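Summary of the model geometry
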Amino acid sequence: MDKSKIKKVVLAYSGGLETSIIIPWLKENYNNCEVIAVSGNVGQADELEGLEEKALKTGASKLYVLDLTDDYVDNYIIPTMQAGAVYEDYLLGTSHARPCIAKGLVEIARKEGADAICHGCTGKGNDQVRFELAIKHFAPNMPIIAPWREWDIKSRDEEIDYAEAHNVPLKINRETNYSKDKNLWHLSHEGLDLEDTGNEPQYEKPGFLEMGVSPLQAPDEPTYITLEFDQGKPVKLNGEAMSAKEIILKLNDLGGKNGIGLLDIVENRLVGMKCRGVYETPGGTILYKAHSYLESVCLDKMTAHEKQRLSITFAELVYNGQWFTPLREALTAFVNKTQEKVTGTVKLKLYKGNIIKAGVWSDYSLYSENIATFGASDYNQQDAAGFINLFGLPIKVQAMVDGKK
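Here the focus is the sheet that holds strand S13 (residues 344-351). Pairing in this open sheet of five strands is antiparallel, and the strands run S10-S9-S8-S13-S14 from one edge to the other. The sheet is open, and its two edges are formed by strand S10 (240-241) and strand S14 (354-361), each paired on a single side. Pairing geometry for strand S8 (residues 223-230) and S13, over seven bridges, is antiparallel. Each residue of the ladder has a partner; that of glutamate 228, found in S13, is threonine 345. On the sheet, helix H7 (residues 244-257) packs against S8, strand S9 (233-237) and S13 and is oriented at approximately 60 degrees with respect to S9.

Quick look at the structure:
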């Protein structure tokens, strides 16, 4: 990259530690270039407060705040949830937000005639891949600046040192300096005491959890909810019609209060290392459970089993930043077909971190009480004899051949 040609840079800006110090760093190392900060609003709520003032004070020429929440929910979260995609128990909250944000970055870069796009992802993580693959999809020839792969800063403590030396205001301190990522789907925590896998997460410590409470601090009375789906998409909560985004936000509140959706995981990063994180995904955990519950009565065995196998591939594509690929699009087409009759209502009981099934109803249910009952039914049990003879024929023949030897 010829730095002399970089006059205007679009920066993926969150206002967090990394992106806050990147603005002065870019101006120092890229010819005092113009820096246009872009924040993709994917539901990080209070993190957007005071963002424009901070960006301008640290050297940005302007700040764009893109409301991506509906796009994020409808075109990334819901398709992933319908696929049942889970990466090693992780519900992909950071993973599917990155391509959504990157698409918005490219749109602003084109609008502003930017010479490069910059992000604050470290060289050790997955997000650098997710951002850059999406940027390559929409702007194949756009130069990408990744300061973590250029500067001499080696740790978050050194980042704080740089911030203090350049009068960059921070909301954190060295003792609360968890690496966090927040959106309307989840909140992740990494670093500090969590880097030692022998340390229990401080769920009961005031201020650690932000989207809910520890199951130990949840109410002693359960909360019942009903969720209605239409072709695999959530459309009603407790009988009230809502958008998918509204349902997720309400489930976050209900789930959080009941200690739902906490995950402590050592996951296999794309870059080869194992990393420990704690995730809060209250609403998403409920939504996945409810959707799976409904699918259990609506999908036939062969489709359900094949979908379960492909969900692993889908999850790996999302986790690895390969959202904008032919394979992901093909898998989504398959999933959409499977969802045509995933319509019905699910009842769940939320209690101290647990999601307990409490009922499921669907006009497309393949479950027949008349057939499955232990009482009298139309099922002819004598039919089983012929079925077993044919199903077991290969085993019988093998035993006969082995017996001859």
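So much for the structure itself; the text now carries on.
Our next topic: a nonpolar patch on the surface. On the surface, Phe387, Ile388 and Phe391 cluster together into a nonpolar patch covering about 390 Å² of accessible area. Turning to its location among the elements, phenylalanine 387 is positioned in helix H12 (residues 383-391). Taking relative accessible area as the criterion, phenylalanine 387 reaches 53% and is therefore assigned exposed.

Our focus in this paragraph is the nonpolar core. Within the largest apolar cluster, 77 residues are counted, with the highest numbers of intra-cluster contacts made by Tyr72, Ile225, Leu227, Ile286 and Leu287. Counting 26 residues, the second-largest nonpolar core is a separate cluster that includes Trp25, Ala37, Ala55 and Ile153.

Counting through the fold element by element, valine 73 comes out in helix H3 (residues 69-82). Of the residues examined, valine 73 reaches a relative accessible area of 0% and is grouped as buried. Residues valine 73 and isoleucine 248, 175 residues apart in the sequence, show an inter-C-alpha distance of 8.8 Å.

On to the sheet that holds strand S12 (residues 274-280), then. Spatial ordering of the open sheet is given by S6-S7-S12-S11, a layout of four strands whose pairing is antiparallel. What marks the edges here is a single partner per strand, and that holds for strand S6 (179-182) and strand S11 (262-268). Mean inter-strand twist for the sheet, computed between neighbouring axes without regard to direction, equals 25 degrees. Two elements, strand S7 (residues 187-190) and S12, share three bridges in a ladder whose sense is antiparallel. Within S12, the position partnered with serine 188 by the bridge is tyrosine 279.

Within strand S2 (residues 34-41), seven of the eight residues are buried, which leaves the element mostly enclosed by the surrounding structure. Across five bridges, the pairing between strand S1 (residues 8-12) and S2 is parallel. Among the inter-strand pairings, lysine 8 is bridged to a residue of S2, identified as glutamate 34. For the segment spanning S1, helix H1 (residues 17-29) and S2, crossover handedness is right-handed. Of the strand pairs in this sheet, S2 and strand S3 (residues 62-67) are connected by six bridges, and their pairing is parallel.

The rules we used
Residues numbered from 1 in each chain as written. Predicted model: local features only at pLDDT ≥ 70, side-chain atom pairs only at ≥ 80, totals over all residues. Heavy atoms only, no water. Pairing = 2+ DSSP bridges. Helix = DSSP H or I, 4+ residues; strand = E, 2+ residues; numbered from the N terminus. Contact = heavy atoms within 4.5 Å. Axes fitted to C-alpha atoms, helices over the stretch in contact; angles between N-to-C directions. Patch = residues over 30% accessible without salt bridge, like charges linked within 9 Å, V, L, I, M, F, W, Y side chains within 5 Å. Areas by Shrake-Rupley, 256 points an atom, 1.4 Å probe, with all protein chains shown as cover. Salt bridge = Lys/Arg side-chain N within 4 Å of Asp/Glu carboxyl O. Buried < 20%, exposed > 50% of the residue type's maximum accessible area, 1.4 Å probe, protein only. Core = buried A, V, L, I, M, F, W, Y, C linked by side-chain atoms within 4.5 Å. Right-handed = clockwise from strand over helix to strand, strands pointing away.

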